[in-house]
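# Summary of the model geometry
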Amino acid sequence: MVLSKQIVLKNYIESGTPTLEDFEEKTVKISTEELQAEEIVVRLEIVSPDPYMRGRMTSRKSYIPPFEIGKPISGYGIGKVTKAGSSSKYAVGDYIMGQLPWQEEFIYNSNSPYVNKIDSTLAPLESFLSVLGMVGLTAYHGLKEIGEPKQGETVVVSGAAGAVGQLVVQICKIKGCKVVGIAGSDDKIKYLVEELGLDAGVNYNSPTYKLDLGKAVPNGIDVYWENVGGVVSDAVWPLLNKFARIPLCGVISQYNNTEMEVGPRIEGYLLKTSSKLQGFIVSNYISKNGEALKQLAEWYKSGQIKDRHTVDNGFSQIVPSFLALFKGTNTGKMMVKLT
């Protein structure tokens, strides 16, 4: 018998910002002595708190079912197999990545389609939750299928120093685009321009934000990658060029709203420029993941893509790290290491 900590959702949070009181850390007993043939025992190694998880904390209908009250929250993570049944797909010592519970140690069915084995000799484990995982796939598919950046075009990315944004801007630079990143602090702007090589960065917290953005894109915007929404994006719509493309990846500024925002009506801007605005989720393109991961790995190995993370430590840090996402304190991918 093993004692294992887990984090559960205590109640649905229909609106407003989640707090520590909405979660509970519990200790449960699990029996690992006798496994079914296909079962494995997994020790959680790294957790990836992600903004999309906020949508699963309400009872409202979405593209993915809500979390169950009183049961462990699940999200992208990496675990290590510590024990394996006689017909398990995985061996002791293997690392697996996918949808894993927020629980220190647990029993898992090795035939689950929601996890896969990763080769820890190819890259640091953290990168499989970033450039070589869901985050990288999101950036790659959104650009290829919707954004379609072309050499010489101007691309603007909101949330540019975040997990997905930092990869989007780098891919667009590889494509030969002029790239402008929008972020919320001067330190992040410095990172984008000096380390990632962007052509310009704009701080949306500056009192001259709209003016600064206009100066950064004198020839208008051909591709706008949307991560934030709200007032950050209000400054973008008047600057769209003819046939602009807008991959709608997220609207993190609105996830905790207590009531619906009313902002500028954007339909007129889209109509007069014949622009395309399309929302997407990464699983829409799952059949193309092999191609995407191959290209991302090549860019990563060649040094054309840098992969920065904000890493916190300790099981009890998981919820605070998740909540920090909505304050924009992280640069790159937020993750929590447990060992």
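Residues numbered from 1 in each chain as written. Predicted model: local features only at pLDDT ≥ 70, side-chain atom pairs only at ≥ 80, totals over all residues. Heavy atoms only, no water.

### Examining the layout of surface pockets
Considering only enclosed or pocket space, the second largest pocket measures out at about 400 Å³ in volume. In terms of lining, the second largest pocket is formed by 18 residues, of which the most central are G230, D234, Q254, P264 and I266. Here the element with the most residues in the lining of the second largest pocket is helix α5 (residues 230–234); it accounts for four residues. Split by residue class, the lining of the second largest pocket holds nine nonpolar, five polar and four charged. (1 Å grid on protein atoms, 1.4 Å probe; cavity = no way out; pocket = protein on both sides within 12 Å on 5 of 7 lines; lining within 4 Å. Points joined across faces, edges and corners; volume = space filled by probe spheres on them. Helix = DSSP H or I, 4+ residues; strand = E, 2+ residues; numbered from the N terminus. Nonpolar A, V, L, I, M, F, W, Y, C, P; charged D, E, K, R; others polar.)

### Looking at the packing of aromatic side chains
As enumerated under the stated definition, the model contains seven aromatic pairs in all. Here F280 and Y285 contribute two aromatic rings whose centre-to-centre distance is 6.4 Å and whose plane-to-plane angle is 50 degrees, an arrangement assigned as tilted. Of the residues examined, Y285 reaches a relative accessible area of 11% and is grouped as buried. Linked through ring pairs, F23, F322 and F326 together constitute an aromatic cluster. The aromatic ring of F243 is capped on one face by K242, whose charged end is 5.6 Å from the ring centroid. Seen from the ring of Y191, R308 lies directly overhead, with NZ or CZ sitting 4.6 Å from the centre. (Phe/Tyr/Trp six-rings, centres within 6.5 Å; stacked < 30°, edge-to-face > 60°. Buried < 20%, exposed > 50% of the residue type's maximum accessible area, 1.4 Å probe, protein only. Lys NZ or Arg CZ within 6 Å of the ring centre and 35° of its normal.)

### Here's the deal with the packing of helix α1 (residues 134–147) against helix α7 (residues 289–301)
Following both chains from N to C, one finds α1 and α7 inclined at 110 degrees, their axes separated by 10 Å at the closest point. Between α1 and α7, the crossing angle belongs to the class labelled roughly perpendicular. Contacts between α1 and α7 involve G136, L137, Y140, H141 and K144 from the first element and N289, E291, A292, L293, Q295, L296 and W299 from the second. When grouped by side-chain class, the residues that make up the contact of α1 with α7 number six nonpolar, four polar and two charged. (Axes fitted to C-alpha atoms, helices over the stretch in contact; angles between N-to-C directions. Parallel < 35°, antiparallel > 145°, perpendicular 65-115°, else oblique. Contact = heavy atoms within 4.5 Å.)

### So, the domain arrangement of the chain
Annotation of the chain at the domain level lists domain 1 (2–130 + 308–337) and domain 2 (134–283). On a C-alpha basis, the centres of domain 1 and domain 2 stand 29 Å from each other. Domain 1 puts 21 residues into the contact, and the matching count from domain 2 is 17 residues. Here domain 1 meets domain 2 over a buried area of about 1,500 Å², counting both sides, of which 57% is carbon and sulfur. Taken together, the links from domain 1 to domain 2 amount to seven residue pairs in polar contact (both at pLDDT 80 or more). Of the residues that constitute the side of domain 1 that touches domain 2, the class distribution is eight nonpolar, nine polar and four charged. (Domains from an automatic or database assignment. Buried area = accessible area lost by both parts, 1.4 Å probe. Polar contact = N/O pair within 3.5 Å; in protein donor to acceptor, adjacent residues only side chain to side chain.)

### Description of the environment of G152
Following the sequence through the fold, G152 ends up in the loop between α1 and β8 (154–158). Judged by its relative accessible area of 61%, G152 is exposed. Separated by 52 residues in the primary sequence, G152 and Y204 have C-alpha atoms spaced 25 Å apart. In contact with G152, not counting residues within four places along its chain, are G176 and C177.

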